[in-house]
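Structural characterization, general
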Amino acid sequence: MTAPRRQPYAGIVSRLAGLAIDAGLLALAASLVVTGVPSVWRTLEGSTPGWLDATTGLIAALLPVVYFAACWWLTGQTVGSLLLGTVVRRPDGRHLGPGRALLRAAVGLAFPPVWLLGMLGVLTDDQRRAWHDRVFGTVVRYAPRRRQPRLPTP
């Protein structure tokens, strides 16, 4: 039996395009939470209570951290990376643990300019690691493509 072939490391364009898709989805989701839920409540009851505005604001603020951390921990792929065919893993191919995924998400969202500037590391590293990949011990590879089952020939 042969060892599985390692997939190539993802480049800066794939990574930034996936991030742009995720940012768009999160902006839409946060907007729906902050405006949609209170709007429905207002339609039904006539006014929006303060606690609902505070709760939806908190949910919208936590949504990006929870989204990225959960996706990286559970599958290694966000919606954007799924569409672009990339996956976040440890250098040895293992999934990220929940702590590492949460820390990677929280730091990236707390310091977005530094995160984006750190993407320049992809251009100079043999494994195409951004600076945050080096800090958190991660790599971004292209996900292996699933083979379509062959139909029996008649």
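You'll find the structure just up there.
A brief report on the enclosed structure follows.

Cut-off values and rules
- Residues numbered from 1 in each chain as written.
- Predicted model: local features only at pLDDT ≥ 70, side-chain atom pairs only at ≥ 80, totals over all residues.
- Heavy atoms only, no water.
- Helix = DSSP H or I, 4+ residues; strand = E, 2+ residues; numbered from the N terminus.
- Expected span 1.5 Å × (residues − 1).
- Buried < 20%, exposed > 50% of the residue type's maximum accessible area, 1.4 Å probe, protein only.
- Axes fitted to C-alpha atoms, helices over the stretch in contact; angles between N-to-C directions.
- Left-handed = near helix turned anticlockwise from the far one by under 90°.
- Contact = heavy atoms within 4.5 Å.
- Nonpolar A, V, L, I, M, F, W, Y, C, P; charged D, E, K, R; others polar.
- Bend = angle between axes of the 7 residues up to and from the residue.

Moving on, we come to helix α1 (residues 12-45). The first and last C-alpha atoms of α1 sit 49 Å apart over 34 residues, in line with the 50 Å expected at 1.5 Å per residue. Regarding α1, the residues found buried are I12, S14, R15, G18, D22, L26, A30, V33 and P38.

Turning our eyes to something else, we now look at the packing of helix α2 (residues 50-74) against helix α4 (residues 98-110). Axis separation between α2 and α4 bottoms out at 8 Å; the angle between their running directions is 140°. Remark: the crossing between α2 and α4 carries right-handed chirality. Between α2 and α4, the residues in contact are P64, V65, F68, A69, W72 and W73 and P98, A101, L102, R104, A105 and L109, respectively. Taken together, the residues of the contact of α2 with α4 break down into 11 nonpolar, no polar and 1 charged.

Glancing now at α2. For α2, which comprises 25 residues, the first-to-last C-alpha distance of 35 Å matches the rise-based estimate of 36 Å (1.5 Å per residue) to within 8%. Along its length, α2 shows its largest kink, about 40°, at L62, and proline P64 lies within four residues downstream of that point. Those residues of α2 that sit buried are L52, T56, A60, P64, V65, Y67, F68, A69, C71 and W72. In the core, the buried residues of α2 are packed alongside α1, α3 (79-84), β1 (86-89), α4 and α5 (112-118). One or two residues past the end of α2 sits G76, with phi positive at roughly 85°.

Here I59 is to be found in helix α2. On the basis of relative accessible area, I59 is assigned to the partly exposed category, the value being 42%. Expressed as a C-alpha distance, the spacing of I59 and L96, which sit 37 residues apart in the sequence, is 24 Å.

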